[in-house]
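# A closer look at the structure
Each chain, letter by letter, is given below.
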Amino acid sequence: MHDVARLARVSVSTVSYVLTGTRPISQATRDKVLAAMAELDYQPNAMARGLASRRSRIVGLLMPMDERGLGATETAFVTGAAAAASAAGYHLVLSPVGVGDLDDLRRLASQRMLDGAVLMEVQVEDGRVAALQEAGVPLVLIGRTGDTTGLAYVDIDFDQTVREAVDHLVGLGHRRIVYVNHSAATIAAGYGPAVRTRDAFVAAMTGYGLEPVMIPADDSAAGGRAALTAALAQAPDLTAVLAMNENAIFGILGELAAHGLAVPHDVSVVSMVTSPQVAELATPALTAMTSPGSALGRMAVEALLRRLEDGGDDDHQHLLPCALEIRGSTGPAPQPTAAADRGDTVRSGPPGT
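The text that follows walks through the structure, step by step, so that each part is easy to find. (Residues numbered from 1 in each chain as written. Predicted model: local features only at pLDDT ≥ 70, side-chain atom pairs only at ≥ 80, totals over all residues. Heavy atoms only, no water.)

On to the sheet that holds strand β11 (residues 317-320). Here we have six strands laid out as an open sheet, ordered β2-β1-β3-β4-β5-β11, and parallel in their pairing. At either margin of the open sheet sits one strand with a lone partner, and together these are β2 (91-95) and β11. Within the sheet, the average angular offset between the axes of one strand and its neighbour, ignoring direction, is 15 degrees. As defined by bridge partners, strand β4 (residues 139-142) adjoins strand β5 (residues 153-156) across two bridges and the pair is classed as parallel. (Pairing = 2+ DSSP bridges. Helix = DSSP H or I, 4+ residues; strand = E, 2+ residues; numbered from the N terminus. Axes fitted to C-alpha atoms, helices over the stretch in contact; angles between N-to-C directions.)

Below, the structure written as structure tokens:
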């Protein structure tokens, strides 16, 4: 920095202000400093700057992962978060820290490598929140715990998302709709999206006077096939499947074909919290409640950076619904006689209609 200041004929503090943006500098002076940096091939040392300022300008995205890695829908959250961090001069580090990794999380927090953290895959009771709060690490959630008092978060509006998906199917005449959720273990563990969509599906269906049937599914194609088999056993007269399990959806489609059921002629399918890239992989392309992942990732990091830059608590709490995008996997419900050929009688409408 002394070399840059000498060549640019400015003070060392002016060089520092150009690098950090903590004080306004005229464009002419800024240009002189940047030209001197380029001539000397000067690169600021992030570690040294962190030691001097007690800030690393690194934020962590804490997201548990397994051997499947990240799908297209999950990647959108990451890219949105990374773009927002980069635009503000921060680096985003992805760390696979889940609810069961609290000791690792405490070690990470104690090293002060992160200025703040964004949590993903949030459970209704999530020990990571308390661990980071106790360590004094600013945080924002993509998701929600059961008690959100004093927490900043962004999340999908699952109530509106499920209601609009059910409205779409009911509007097409479907009355026997099965919801394929995440696994039973995931629901029992309190994974927020699985719990909230389960409850929202019950509310939406009972609002129409229809029976809600939910089938849990392991997050795999085999899990989807097993779930569809279970769904047909429990509701052989089903005419529509609503699913929020991207890893299982192709197993569901394959098992429908194995049973001789055409999509959407015999059974309509809606995939929830799905990226357009995944929806377009299916044949026919999936009608989907499209995930606002990129927007939520960006909003979460922006809320975190406001906390860091302003030095206060920004209890930002915002919900975004998924957007219905109609493609080829949904159509009018089959006539009762068509479903009756599968062994059961279908109600032609809600009770009382």
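Under the counting rule described, the total for this entry stands at 11 salt bridges. A salt bridge links D237 to R176; the shortest N-O distance between them is 2.9 Å. Here the residue D237 occupies a position in the loop between α11 (221-234) and β8 (240-243), and R176 occupies one in the loop between α8 (158-171) and β6 (177-180), the gap between them amounting to 61 residues. For D237, a relative accessible area of 10% gives the class buried. The exposure class of R176 is buried, given its relative accessible area of 12%. E302 is the salt-bridge partner of R298, the closest N and O atoms lying 3.3 Å from each other. Of the two residues, R298 and E302 are both situated in helix α14 (residues 293-310); the distance of four residues between them amounts to about one turn of the helix. Overlapping salt bridges, with partners in common, bring together R176, E211 and D237 in one network. (Salt bridge = Lys/Arg side-chain N within 4 Å of Asp/Glu carboxyl O. Buried < 20%, exposed > 50% of the residue type's maximum accessible area, 1.4 Å probe, protein only.)

This paragraph deals with the pairing of β8. Burial along β8 is two-sided: the residues A240 and L242 and V241 and A243 are all buried. Pairing of β8 with strand β9 (residues 268-274), which is carried by four bridges, proceeds in the parallel orientation. Each bridged residue has a counterpart across the sheet, and for V241 the counterpart in β9 is V269. Crossover handedness for the path β8 to helix α12 (residues 249-258) to β9: right-handed. (Right-handed = clockwise from strand over helix to strand, strands pointing away.)

A contiguous nonpolar patch, built from M65, L70 and L94 and spanning about 210 Å² of accessible area, is present on the exposed surface. Turning to its location among the elements, L70 is positioned in the loop between β1 (58-62) and α5 (72-87). The exposure class of L70 is partly exposed, given its relative accessible area of 31%. (Patch = residues over 30% accessible without salt bridge, like charges linked within 9 Å, V, L, I, M, F, W, Y side chains within 5 Å. Areas by Shrake-Rupley, 256 points an atom, 1.4 Å probe, with all protein chains shown as cover.)

Let us look at the packing of α5 against α14. Geometrically, a packed helix pair is captured by the angle between its two axes and the distance between the axes. Between α5 and α14, the least distance of the axes is 6 Å, while the angle of their chain directions is 40 degrees. Pair α5 / α14 crosses with right-handed handedness. Contacts between α5 and α14 involve A76, F77, G80, A81, A84 and A85 on the former and, on the latter, G293, S294, L296, G297, R298, V301, E302 and L305. Of the residues that constitute the contact of α5 with α14, the class distribution is eight nonpolar, four polar and two charged. (Left-handed = near helix turned anticlockwise from the far one by under 90°. Contact = heavy atoms within 4.5 Å. Nonpolar A, V, L, I, M, F, W, Y, C, P; charged D, E, K, R; others polar.)

As a further point, take the nonpolar core. Counting residues in each nonpolar core, the largest one holds 45 residues, and the members touching the most others are V166, I177, F201, L242 and M272. Top contributing element to this core by residue count: α14, with eight residues. With residues near it in sequence (within four places) discarded, I177 still touches L169, V170, F201, M205, E211, V213, A240 and L242. I249, L261, V263 and A279 belong to the second-largest nonpolar core, a separate cluster that totals 26 residues. (Core = buried A, V, L, I, M, F, W, Y, C linked by side-chain atoms within 4.5 Å.)

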